[in-house]
Amino acid sequence: LKPKSDLTVPDPYYTLPFLFVGMFYGNLELSFGEGRANANSSNFIRNFTSFFQQGSIFMLPFLAAVPAGVQIYICTSTSFSILQ
């Protein structure tokens with residue numbers, strides 16, 4: 001495979017959008033997931049988590065049109081967020 005040299009066009013293989021959605025879902029799960037959502041959690045937190053976890057799938061069409069350079073930035077930022 002030839003390395004991608006033009007980062008102003010969207011990722012033709014859709015690797016970066018799927019990577020971001022997986023990382024975003026993982027970040028939500030680590031922050032507000034089932035392990036942390038216990039009987040003491042408020043209804044708002046459970047609904048908030050559920051909304052964004054389900055909504056992450058709807059980000060795919062939007063992210064498929066975003067330039068690859070921006071997607072790399074978003075994935076890098078999300079990975080630092082997970083590591084915190």
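Everything here concerns the structure above.
Being a predicted model, the structure only gives us computed values, none of them experimental.

### Observations regarding the nonpolar core
Formed by Leu-16, Phe-20, Val-21, Met-23, Phe-24, Leu-28, Leu-60, Leu-63, Val-66, Ala-68 and Cys-75, the largest nonpolar core amounts to eleven residues. When residues of this core are traced back to their parent elements, those giving at least two are helix H1 (15–32), helix H3 (59–64) and helix H4 (68–83). Among the elements that take part in this core, H1 stands out by supplying six residues, more than any other. Apart from the residues within four sequence positions on either side, Leu-63 is in contact with Pro-17, Phe-20, Val-21, Gln-71 and Ile-74.

### Comments concerning H4
Under the 1.5 Å per step criterion, the end-to-end length of H4 is 22 Å for 16 residues, consistent within 8% with the ideal 22 Å. Here H4 has its buried residues at Ala-68, Gln-71, Cys-75 and Thr-78. The arc that holds every buried residue of H4, seen down its axis, measures 85°, which confines them to one face. Exposed positions of H4 whose direction lies more than 90 degrees from the buried face are Tyr-73, Phe-80 and Leu-83.

Definitions and limits used
Per-chain numbering applies: the sequence of each chain, read as written, is numbered from 1 onward. Per-residue local features are limited, in this predicted model, to residues with pLDDT of at least 70; the limit for side-chain atom pairs, both in listing and counting, is 80 or more; totals at the level of whole chains, interfaces and linings are taken over all residues. The side-chain figures draw on all heavy atoms in the structure; neither hydrogens nor water molecules are used. Throughout, nonpolar core names a set of buried Ala, Val, Leu, Ile, Met, Phe, Trp, Tyr and Cys residues whose side chains join them through atoms within 4.5 Å. Three exposure classes are used, based on accessible area relative to the maximum for each residue type with a 1.4 Å probe and protein chains only: buried under 20%, partly exposed in between, and exposed over 50%. Strands here are runs of E lasting at least two residues and helices are runs of H or I lasting at least four, both read from the DSSP assignment and numbered beginning at the N terminus. Two residues form a contact once any of their heavy atoms are found within 4.5 Å. Here, expected helix span is obtained from the residue count minus one, scaled by 1.5 Å. Each direction from the helix axis to a C-beta atom contributes to the arc, which is the arc of those directions.

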